[in-house]
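The residues making up each chain are set out below.
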Amino acid sequence: MEPRGIMGGLYRASEWIMRLSCINLLWILCGSPFFIFFGMSLLSLLNNSVPEDQLLAFIQQTSIMLAILAPFTFFPSTAAVFTIARKWVTGDTDVPMFKTFFRGYKDNFKQSMLTGIIYSILIVVLVVDYYFFFSSDGGKIVSSIFIGLAILVIISLLNFFSMLVHYHMKTFQLIKNAILITIGKPFRSLSTAILCGAVLYISFTQFQWLLIFFTGSIIATIAYWNFNTIYNKLQQQLDDMKKSEEEEPEITAELDREDLVKTDYKDSK
């Protein structure tokens, strides 16, 4: 029997801490080649180990290497995290985590890998273009455009992962619909960007231990929760349209009955 009151709250909190940290550790473990290389490259930049005149070349080489690793490590691992996040958001909180995680990893590996290749190339182009214009004279305004495009791409990627674990669709259909939702639902996209951005900011600047235990699983849960809200609203609109279509012939037939017309109006014809 689950305890109540303060002890019950502490028990549920500890349970969620265990769930989130466990899934985050699995995410890092399955994507370890990507995360190790990314971490080493980031430390080199933070420690000023790269000469300024070689910075652009270093970023280009690092981005290309990460783009090679990501489709086979980061993307399938992230799809598995979203598989768990979907279960949590839809109410199945007691799902077996290890079994569900690796099933999500296996089932979505091919589609996440193919999408990873496309998104990795796109992100590399945006990152390299950003640093190129940022380091050039008068190019800082242009570089800010690439930041905005990168944010849109990342949000659409989060929507893609949400749709990947929710629908049976072909890869390019998922990508197309993820982009359409990102553009067509700007307020939801903005809220996803703000919430996930806040988690990343806190994780990188304040509490770095969150990166190991919570960051990935929290972002996946936030992103899927936002997507699920969009999905439920669209589903409600669709149900209302179907209901309206079913009722319209009945309403028309009923309005055509003369015995229902008030006497005053029949006399005035």
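Since the model is a prediction, treat every value here as computed from it, not as a measurement. Every chain is numbered independently, its residues counted from 1 as its sequence is written. Restriction of local features to residues with pLDDT of at least 70 applies here, the model being predicted, together with a cutoff of 80 or more for giving and counting side-chain atom pairs; totals for whole chains, interfaces and linings are based on all residues. Note: side-chain values were computed over all heavy atoms of the structure, leaving out hydrogens and water.

Enquirer: What am I meant to see in the overall build of the chain here?
Expert: Here a helix means four or more residues in a row that DSSP labels H or I, a strand means two or more in a row labelled E, and each is numbered from the N terminus. The helix and strand inventory of the chain stands at twelve helices and zero strands. The order of α-helices and β-strands along the chain, N terminus first, is α-α-α-α-α-α-α-α-α-α-α-α. Three exposure classes are used, based on accessible area relative to the maximum for each residue type with a 1.4 Å probe and protein chains only: buried under 20%, partly exposed in between, and exposed over 50%. For the chain, the residues scored as buried account for 36% of the 269 residues in total. Expressed as a percentage of contacts within the chain between residues at least 6 apart in sequence, the contacts between residues at least 24 apart total 73%. Put simply, the chain shows about 16800 Å² of open surface, and 66% of that area lies on carbon and sulfur atoms. Should any heavy atoms of two residues lie within 4.5 Å, those residues are considered in contact. Per-residue accessibility takes into account occlusion by the displayed protein chains alone, with areas from the Shrake-Rupley method and a 1.4 Å probe.

Enquirer: Help me understand the layout of surface pockets, please; the structure alone is not making it clear to me.
Expert: To find leftover empty space, one rolls a probe the size of a water molecule over the atoms. In this model, the second largest pocket occupies a volume close to 260 Å³. In terms of lining residues, the second largest pocket is bounded by 15 residues, among which Thr 83, Asp 107, Asn 108, Leu 164 and Val 165 are the most central. At the level of secondary structure, the elements contributing two or more residues to the lining of the second largest pocket comprise α4 (74-89) and α5 (97-107). Considering each element in turn, the lining of the second largest pocket owes the most residues, four residues, to α5. Grouping the amino acids of the lining of the second largest pocket by side-chain chemistry returns four nonpolar, seven polar and four charged. Using protein atoms alone on a 1 Å grid, points that fit a 1.4 Å probe yet trap it form a cavity, whereas open point sets bounded by protein on both sides within 12 Å along at least five of seven lines form a pocket; residues with an atom within 4 Å of a point count as lining. Grid points are joined across faces, edges and corners, and a volume is the space filled by probe spheres set on the points. For this classification, Asp, Glu, Lys and Arg are treated as charged, while Ala, Val, Leu, Ile, Met, Phe, Trp, Tyr, Cys and Pro are nonpolar and the rest, including Gly, are polar.

Enquirer: Looking at this structure, how should I read unusual backbone geometry?
Expert: The phi angle of most residues is negative, glycine excepted, and most peptide bonds adopt the trans form. Not every positive phi belongs to a glycine, and Asn 48 is a case in point at roughly 55°. Looking at the secondary structure, you find Asn 48 in the loop between α2 (32-46) and α3 (55-69).

Enquirer: Would you mind going over helix α8 (residues 171-184) with me for this structure?
Expert: Each full turn of the α-helix corresponds to 3.6 residues, which orients residues three or four apart in the same direction. End to end, α8 covers 20 Å across 14 residues, agreeing with the expected 20 Å (1.5 Å per residue, within 8%). Within the span of α8, buried status applies to Thr 171, Leu 174, Ile 175, Asn 177, Ala 178, Ile 181 and Thr 182. The span one expects for a helix is its residue count, reduced by one, times 1.5 Å.

Enquirer: Would you mind showing me how to read α4 here?
Expert: Across its 16 residues, α4 extends 22 Å between first and last C-alpha, which sits within 8% of the 22 Å expected from 1.5 Å per residue. Of all 16 residues in α4, 13 are buried; the element is thus mostly enclosed. One or two steps after α4, the chain reaches Gly 91, where phi turns positive at roughly 105°.

Enquirer: Looking at this model, I keep getting lost on the packing of aromatic side chains. Mind explaining?
Expert: Aromatic rings in a pair are described by how distant their centres are and how their planes are angled relative to each other. Working definition: a ring pair exists when centres of Phe, Tyr or Trp rings (six-membered ring for Trp) sit within 6.5 Å. Plane angles under 30 degrees give stacked, over 60 give edge-to-face, the rest tilted. According to the stated counting rule, one finds 24 aromatic pairs in the structure shown. With a centroid separation of 5.9 Å and 45° between ring planes, the pair formed by Tyr 105 and Phe 109 is classed as tilted. Aromatic side chains Tyr 130 and Tyr 131 sit 5.1 Å apart centroid to centroid with 80° between the ring planes, which places their arrangement in the edge-to-face category. One aromatic cluster is present, built from ring pairs that chain together Trp 27, Phe 34, Phe 35, Phe 38, Phe 74, Phe 75, Phe 82, Tyr 119, Phe 160 and Phe 161.

Enquirer: Looking at this structure, I do not really get a nonpolar patch on the surface. What am I missing?
Expert: Without a salt bridge and with relative accessible area above 30%, a residue can belong to a patch; like charges are then joined within 9 Å and nonpolar side chains (Val, Leu, Ile, Met, Phe, Trp, Tyr) within 5 Å. Here, a salt bridge means any Lys or Arg side-chain nitrogen found within 4 Å of an Asp or Glu carboxyl oxygen. Together, Leu 25, Tyr 201, Ile 202, Phe 207, Trp 209, Ile 212 and Phe 213 line one region of the surface with nonpolar side chains, adding up to about 690 Å² of accessible area. When contributions to the nonpolar patch are tallied by element, the ones reaching two or more residues are α9 (186-205) and α10 (209-213). In terms of residues, the nonpolar patch owes the most to one element, α10, which gives three residues. As for its placement among the helices and strands, Trp 209 is situated in helix α10. Judged by relative accessible area, Trp 209 falls into the partly exposed class, the value being 46%.

Enquirer: Explain the environment of Trp 225 to me, please; I cannot follow it from the model alone.
Expert: Its location among the elements puts Trp 225 in helix α11 (residues 215-255). Separated by 139 residues in the primary sequence, Trp 225 and Arg 86 have C-alpha atoms spaced 7.9 Å apart. If near-sequence neighbours (up to four positions away) are discounted, Trp 225 is found in contact with Val 89 and Arg 188.

Enquirer: Explain empty space enclosed by the protein to me, please; I cannot follow it from the model alone.
Expert: With the rule as written, the count across this model stands at one cavity of 30 Å³ or more. Lining the largest cavity are Asn 159, Lys 185, Arg 188, Ser 189, Thr 192, Asn 226, Phe 227 and Ile 230. Elements with a contribution of two residues or more to the lining of the largest cavity: α9 and α11. Residue composition of the lining of the largest cavity, by class: two nonpolar, four polar and two charged.

Enquirer: Would you mind going over the nonpolar core with me for this structure?
Expert: As a rule of thumb, soluble globular proteins bury nonpolar side chains together. The term nonpolar core refers to a set of buried residues drawn from Ala, Val, Leu, Ile, Met, Phe, Trp, Tyr and Cys, joined through side-chain atoms within 4.5 Å. Residues Ile 23, Phe 82, Phe 101, Phe 160 and Phe 161 are the most contacted members of the largest nonpolar core, which totals 51 residues. With near-sequence residues (within four places) excluded, Ile 23 lies in contact with Val 81, Ile 84, Trp 88, Met 97, Phe 101 and Ser 217.

Enquirer: When you look at the pattern of salt bridges in this model, what are you seeing that I'm missing?
Expert: Counted according to the given criterion, the structure contains two salt bridges. Note that Arg 19 is salt-bridged to Glu 15, the shortest N-O span being 3.5 Å. Within this pair, Arg 19 and its partner Glu 15 are both found in helix α1 (residues 5-30), separated by four residues, close to a single helical turn. Judged by its relative accessible area of 6%, Arg 19 is buried. Among the residues examined, Glu 15 registers a relative accessible area of 23% and is labelled partly exposed. Among the ionic pairs, Asp 94 bridges to Arg 19, the shortest N-O distance being 3.1 Å. One end of the pair, Asp 94, is in the loop between α4 and α5; the other, Arg 19, is in helix α1, with 75 residues separating them in the sequence. Via salt bridges that share partners, Glu 15, Arg 19 and Asp 94 belong to a single interconnected network.

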